[in-house]
Amino acid sequence: QVQLVESGGGLVQAGNSLTLSCAASGVVFSRYNMGWYRQAPGKQRELVAAITTGGTTKYADSVKGRFTISRDNAKNTGYLQMNSLIPEDTAVYFCNAEHPSIPSIKYWGKGTVVTVSS
């Protein structure tokens, strides 16, 4: 059974940092592209950052220069380093693993809450 478990969320003041982790089990993590998404109250889920199996990254414009996505395939874990947090970053953050050749094969974690106070 495939599981993705996010951790590292919490309440922080604006300007501070958090690092989210996504631990994968039941899947060969290195064979999947990984993404971090977020969903703020009343808004649609949006892509925050993604990293391919080869290490190519992309970011939403709103987080470029502040967030960094990475992965440690040996640990079956992905990360999202979030710096200079702003209240607009408040959301539930989800990690996602997607097969690079078969997009219908994808898995989601249950999310971790990030709250940024002003």
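Just so you know, these numbers come straight off a predicted model, no measurement behind them.

## With respect to the state of the cysteines
Note on terminology: disulfide describes a covalent bond linking the sulfur atoms of two cysteines.
Line of reasoning, step 1. This structure, assessed with the given rule, holds 1 disulfide.
Line of reasoning, step 2. A sulfur-sulfur distance of 2.0 Å marks the disulfide that ties Cys22 to Cys95. Linking Cys22 and Cys95, the disulfide has an S-S dihedral of approximately 55 degrees and is accordingly described as right-handed. One end of the pair, Cys22, is in strand β3 (residues 18-25); the other, Cys95, is in strand β9 (residues 91-98), and 73 residues separate them in sequence. Comparing Cys22 with Cys95 shows no difference in burial state: the two are buried.

## With respect to the environment of Val114
Line of reasoning, step 1. As for its placement among the helices and strands, Val114 is situated in strand β11 (residues 112-117).
Line of reasoning, step 2. Each C-alpha atom, one on Val114 and one on Tyr37, is 12 Å from the other, the two residues being 77 residues apart in sequence.
Line of reasoning, step 3. Excluding anything up to four places from it in sequence, Val114 contacts Gly9, Gly10, Leu18, Leu20, Met82, Asp89, Thr90, Ala91 and Tyr93.

## Examining the packing of aromatic side chains
Working definition: an aromatic ring pair is given by the centre-to-centre distance plus the angle between the planes.
Line of reasoning, step 1. Counted according to the given criterion, the structure contains 2 aromatic pairs.
Line of reasoning, step 2. The ring of Trp108 carries Arg45 above its face, with NZ or CZ at 4.7 Å from the centroid.
Line of reasoning, step 3. Positioned over the ring face of Phe29 is Arg71, at 4.6 Å from the centre of the ring.

Cut-offs used in this document
- Residues numbered from 1 in each chain as written.
- Predicted model: local features only at pLDDT ≥ 70, side-chain atom pairs only at ≥ 80, totals over all residues.
- Heavy atoms only, no water.
- Disulfide = S-S within 2.5 Å.
- Helix = DSSP H or I, 4+ residues; strand = E, 2+ residues; numbered from the N terminus.
- Buried < 20%, exposed > 50% of the residue type's maximum accessible area, 1.4 Å probe, protein only.
- Contact = heavy atoms within 4.5 Å.
- Phe/Tyr/Trp six-rings, centres within 6.5 Å; stacked < 30°, edge-to-face > 60°.
- Lys NZ or Arg CZ within 6 Å of the ring centre and 35° of its normal.

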